[in-house]
Amino acid sequence: MFSTLEKYDQDIVITAMEIKTYQAGDSVIKEGDDGEELFIVSTGKLRCTKIFPDSPEPKFLKDYTSGEVFGELALMYNAPRAASIEAIEESVCFSLDRDTFNHIVKTAAIERRKKYDGFLQKIEILSTLSPYEREKICDCLNTEYFKKDDLIIREGEEGNKFYLIQAGTAIALKNISGKEEKVFEYKENDYFGELALLEGDKRKATIKVTSEEFQVASITKDSFKRLLGNVEEILKRN
Ligand code: CMP
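Residues numbered from 1 in each chain as written. Predicted model: local features only at pLDDT ≥ 70, side-chain atom pairs only at ≥ 80, totals over all residues. Heavy atoms only, no water.

A. Summary view of the sheet that holds strand β6 (residues 69-70). The strand order across the open sheet formed by 4 strands is β1-β8-β3-β6, and the pairing between neighbours is antiparallel. Both edges of this open sheet fall to β1 (18-22) and β6, since each of them pairs with a single strand only. Note: β1 against strand β8 (residues 91-97), 5 bridges, orientation antiparallel. Directly across from Thr-21, in β8, lies its bridge partner Val-92. (Pairing = 2+ DSSP bridges. Helix = DSSP H or I, 4+ residues; strand = E, 2+ residues; numbered from the N terminus.)

If you want it as structure tokens, here you go:
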């Protein structure tokens, strides 16, 4: 969410942040309240729960740990808090006030979620994700542009990104007995680069662009691990 900010704006955001410490059991956000700030977890663990009409008990949604953001929805969409958040161990968070968020981060964050969400909905392996999980992925995607014959991944290199094709075609090449052989063809909405991230291994093929123009949305290994846990099994099976 903050990665595309210019240095100057980043400094304003950092200066505006307040450090807040919570003990286990402290409520940080209450569902239905007005929201005046969002939070970034520095250390500790916090639990997100939500009340659904079919049950009187709040339902567990997810736990938040270091580096994750919560409480952004109320600020982005001028809505009441959509869920509750409680510290489950001593936790330190950085809070950012509504005015600074609105002024500096909000428009870009909404645009980014809008820009990528339609695209992510078309990707079959992501179809098990909830709309909210998809939105979090939108925050972490970056579009990269390539030309015909560019190599996006090289066999044998360390892998640090996963790619979703927005436009264009590419092929996977593998060195088989000293000869480069084509082993796969990719088109729009396909993905590649998952193996090295799933298996913590070297790239097992080279990916080469075959269309004149090529546009791909990439996500870093850290974000991939954090946000795509739910689809790891499907990726492994595929
Ligand atoms: P906000 O509505 O401001 O406050 C509650 C927060 O819970 C919300 O922002 C999100 O950051 C977080 N949250 C996590 N999972 C969900 C979900 N499935 N639906 C809504 N909010 C969620």
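What follows picks up the thread again.
B. Layout of the pattern of salt bridges. For the structure shown, the criterion picks out 22 salt bridges. The partner of Asp-11 in a salt bridge is Lys-7, with the nearest N and O atoms 3.0 Å apart. Residue Asp-11 and its partner Lys-7 are located together in helix α1 (residues 7-16), separated by 4 residues, close to a single helical turn. Under the relative-accessibility criterion, Asp-11 is labelled partly exposed at 34%. When the shortest N-O distance is used, the salt bridge between Glu-31 and Lys-50 registers 3.7 Å. Within this pair, whereas Glu-31 is found in the loop between β2 (27-29) and β3 (37-43), its partner Lys-50 is found in strand β4 (residues 46-50), the two being separated by 19 residues in sequence. Looking at Glu-31, the relative accessible area reads 23%, which means it is partly exposed. (Salt bridge = Lys/Arg side-chain N within 4 Å of Asp/Glu carboxyl O. Buried < 20%, exposed > 50% of the residue type's maximum accessible area, 1.4 Å probe, protein only.)

C. Broad picture of the packing of helix α3 (residues 98-121) against helix α4 (residues 131-140). Orientation of α3 relative to α4, taken along the N-to-C sense of each, is 120°, at an axis distance of 8 Å. On the basis of the axis angle, α3 is oblique to α4. As α3 runs across α4, the sense of the crossing is right-handed. Residues Arg-112, Arg-113, Tyr-116, Asp-117, Leu-120 and Gln-121 of α3 form the contact with α4, whose own contacting residues are Arg-134, Glu-135, Lys-136, Ile-137, Cys-138, Asp-139 and Cys-140. By residue class, the composition of the contact of α3 with α4 is 5 nonpolar, 1 polar and 7 charged. (Axes fitted to C-alpha atoms, helices over the stretch in contact; angles between N-to-C directions. Parallel < 35°, antiparallel > 145°, perpendicular 65-115°, else oblique. Left-handed = near helix turned anticlockwise from the far one by under 90°. Contact = heavy atoms within 4.5 Å. Nonpolar A, V, L, I, M, F, W, Y, C, P; charged D, E, K, R; others polar.)

D. Representation of the nonpolar core in the model. Ranked by internal contacts, the top residues of the largest apolar core, which has 24 residues, are Leu-120 and Phe-162. At the level of secondary structure, the elements contributing two or more residues to this core comprise α3, α4, β11 (161-167), α5 (194-199), β16 (213-220), α6 (221-227) and α7 (232-237). Apart from the residues lying within four places of it in its own chain, the contact partners of Leu-120 are Leu-126, Arg-134, Ile-137, Cys-138, Leu-141 and Leu-164. With 16 residues, the next largest nonpolar core counts Val-13, Leu-75, Leu-96 and Ile-110 among its residues. (Core = buried A, V, L, I, M, F, W, Y, C linked by side-chain atoms within 4.5 Å.)

E. Looking closely at the pairing of β16. The pairing of strand β9 (residues 142-147) with β16 spans 6 bridges and is classified as antiparallel. Following the sheet pairing, Lys-147 is matched in β16 by Glu-213. By the bridge criterion, 6 bridges tie β11 to β16 in an arrangement that is antiparallel. Residue pairing across strands places Lys-161 opposite Thr-220, the latter belonging to β16.

F. Spatial organisation of the site of the ligand. Around the ligand, the structure places 14 residues, and the nearest of them are Gly-71, Glu-72, Ala-74, Arg-81 and Ala-82. Ala-74 places a main-chain nitrogen or oxygen 2.9 Å from an oxygen atom of the ligand. Coverage of the ligand by the protein chains reaches 91% of its 450 Å² of free accessible surface. At the level of elements, β5 (59-64) and α2 (73-77) are the ones that each hand at least two residues to the shell around the ligand. (Near = heavy atom within 4 Å. Polar contact = N/O pair within 3.5 Å; in protein donor to acceptor, adjacent residues only side chain to side chain. Areas by Shrake-Rupley, 256 points an atom, 1.4 Å probe, with all protein chains shown as cover.)

G. Representation of empty space enclosed by the protein within the structure. In this structure the tally under the stated criterion is 1 cavity of 30 Å³ or more. Considered as a void within the structure, the largest cavity measures approximately 30 Å³ in volume. Contributing to the lining of the largest cavity are Leu-126, Ile-137, Leu-141, Phe-162, Leu-164, Ile-219 and Leu-228. Of the residues assigned to the lining of the largest cavity, the class counts are 7 nonpolar, no polar and no charged. (1 Å grid on protein atoms, 1.4 Å probe; cavity = no way out; pocket = protein on both sides within 12 Å on 5 of 7 lines; lining within 4 Å. Points joined across faces, edges and corners; volume = space filled by probe spheres on them.)

H. Main features of a nonpolar patch on the surface. A surface patch of nonpolar side chains, amounting to about 250 Å² of accessible area, comprises Ile-176, Val-183 and Phe-184. Along the polypeptide, Ile-176 turns up in strand β12 (residues 170-176). (Patch = residues over 30% accessible without salt bridge, like charges linked within 9 Å, V, L, I, M, F, W, Y side chains within 5 Å.)

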